[in-house]
Amino acid sequence: MAQPKSRVPLYLGLGAAAGVGYYLYTAGGSPKVAEKQFESDLSKASAKIKSELPGSGKEAQKDAEKYASEAGAKVDSMVNKARTDLKEAEGKFDAYRKDASKETLKKIDEADRKIEEGAAKAKSGISSWFGGK
């Protein structure tokens, strides 16, 4: 048995013929007027479909503005957080620097004191040779 043929092309052809007949009938038999009317109807239908699509026109622009403002707010908050963290790190760095300088100065003072004590002992030892105290 042979495969049955699809009837879709037949139905499409009948629909196209009916459409052409409709436009010729409404135009009074003039093909140019029928063509203009068909183009007019086609542009109206296209405009209607475009206006009903979600995410088109003003709706899409509003959504884009909303997302842009949210992204801007997130960037601003991240920048502010980074600045705060940087100031905190600077404060800690200054505290560490001050502590380190204090410790360094303490060690230098201790070393100076030891050197001076050693020099005083040496001086007293040398001067005792020459009759001093």
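The residue numbering used here restarts from 1 in each chain and proceeds along that chain's sequence as written. Only residues with pLDDT of at least 70 get local features here, since the model is predicted, and only at 80 or more are side-chain atom pairs given and counted; chain-wide, interface and lining totals rely on the full set of residues. Heavy atoms from the whole structure form the basis of all side-chain values; hydrogens and water molecules are not counted.

Q: Even after reading the chapter, I still don't get the overall build of the protein, so can you show me in this structure?
A: Secondary structure follows DSSP: runs of H or I at least 4 residues long count as helices, runs of E at least 2 residues long count as strands, and numbering of each begins at the N terminus. Across its full length, the protein holds three helices and zero strands. Residue burial is assigned from relative accessible area. The probe radius is 1.4 Å, only protein chains are included, and a residue is buried under 20% of its type maximum, exposed over 50%, and partly exposed in between. Burial statistics for the protein: of 133 residues in total, 2% are counted as buried.

Q: Before we go on, may I ask you to explain the packing of aromatic side chains in this structure?
A: Both the distance between ring centres and the angle between the ring planes are used here to describe each pair of aromatic rings. Note on ring pairs: Phe, Tyr and Trp rings are taken, using the six-membered ring of Trp, and paired if centres are within 6.5 Å. Classes follow the plane angle, with under 30 degrees stacked, over 60 edge-to-face and the rest tilted. In total, this model carries two aromatic pairs according to the counting rule given. Relative to tyrosine 23, the ring of tyrosine 22 has its centre 5.1 Å away and its plane inclined at 75°; by these criteria the two rings are edge-to-face. Plain terms: the ring middles of tyrosine 23 and phenylalanine 38 are 5.5 Å apart, the flat faces sit at 85° to each other, and that makes the pair edge-to-face. Here tyrosine 23 is found in helix H1 (residues 8-26), whereas its partner phenylalanine 38 is found in helix H2 (residues 31-52), with 15 residues between them in sequence.

Q: I tried to follow a negative patch on the surface on my own but got confused; where do I start?
A: A surface patch of like charges, here negative, comprises Asp109, Glu110, Asp112, Glu116 and Glu117. The residue glutamate 116 is located in helix H3 (residues 58-129) in this model. Residues qualify for a patch when their relative accessible area is over 30% and they have no salt bridge, like charges being joined within 9 Å and the nonpolar side chains of Val, Leu, Ile, Met, Phe, Trp and Tyr within 5 Å. Every accessible area reported is derived by Shrake-Rupley at a probe size of 1.4 Å, with residue values counting cover from the shown protein chains alone. Here a salt bridge means any side-chain nitrogen of Lys or Arg lying within 4 Å of a carboxyl oxygen belonging to Asp or Glu. Two residue types count as positive, namely Lys and Arg, and two as negative, namely Asp and Glu; His and chain ends fall outside the count. Taken as the charge location is NZ of Lys, CZ of Arg, CG of Asp or CD of Glu.

Q: Just to check I follow, could you spell out the confidence of the model for the protein for this structure?
A: Where the model shows low pLDDT, its predicted coordinates should not be examined in detail. Confidence scores here are pLDDT values: one per residue, from the predictor, ranging 0 to 100. Averaged over all residues, the pLDDT of the protein is 84; the fraction at 70 or higher stands at 88%. Looking over the protein, one finds the lowest element-wise mean pLDDT in H3, namely 86, and the highest in H1, namely 91.

Q: What is the right way to look at the pattern of salt bridges in this model?
A: Opposite charge on two side chains permits them to pair, given that their charged atoms come into close proximity. Under the criterion given, the structure shown has three salt bridges. One salt bridge in this structure joins lysine 81 and aspartate 85, with 3.3 Å as the shortest N-O distance. One end of the pair, lysine 81, and the other, aspartate 85, are both in helix H3, four residues apart, so they sit about a helical turn from each other. Among the residues examined, lysine 81 registers a relative accessible area of 53% and is labelled exposed. Here glutamate 88 ties to lysine 92 by a salt bridge, and the two come within 3.6 Å at their closest N and O atoms. Here glutamate 88 and its partner lysine 92 are both found in helix H3, four residues apart, which amounts to about one turn of the helix.

Q: I would appreciate a short explanation of a nonpolar patch on the surface in the present structure.
A: Together, Leu10, Tyr11 and Leu14 give the surface a local cluster of nonpolar side chains, amounting to about 340 Å² of exposed area. Among the structural elements, tyrosine 11 can be located in helix H1.

Q: Sorry if this is basic, but what is going on with the packing of H1 against H2 here?
A: Describing two packed helices takes the angle between their axes plus the distance from one axis to the other. The geometry of H1 relative to H2 is characterised by a closest axis approach of 8 Å and an angle of 115° between their N-to-C directions. Relative to H2, H1 is oriented roughly perpendicular. In this structure, H1 crosses over H2, and the sense of that crossing is right-handed. Contact with H1, carried on its side by Tyr23, Leu24 and Thr26, involves Pro31, Ala34, Gln37, Phe38 and Asp41 of H2 and no other residues of that element. Broken down by class, the residue content of the contact of H1 with H2 amounts to five nonpolar, two polar and one charged. Between N-to-C directions, angles span 0 to 180 degrees; the directions come from axes that are lines fitted to C-alpha atoms, helices contributing only their stretch in contact. Oblique is the label for any angle not covered by the other classes, which are roughly parallel (under 35 degrees), roughly antiparallel (over 145) and roughly perpendicular (65 to 115). Note on convention: the crossing is left-handed when the near helix lies turned anticlockwise from the far helix by less than a right angle, right-handed when the turn is clockwise. The contact criterion used throughout is that any non-hydrogen atoms of two residues lie within 4.5 Å. Put simply, Ala, Val, Leu, Ile, Met, Phe, Trp, Tyr, Cys and Pro go in the nonpolar bin, Asp, Glu, Lys and Arg in the charged bin, and everything else, Gly too, in the polar bin.

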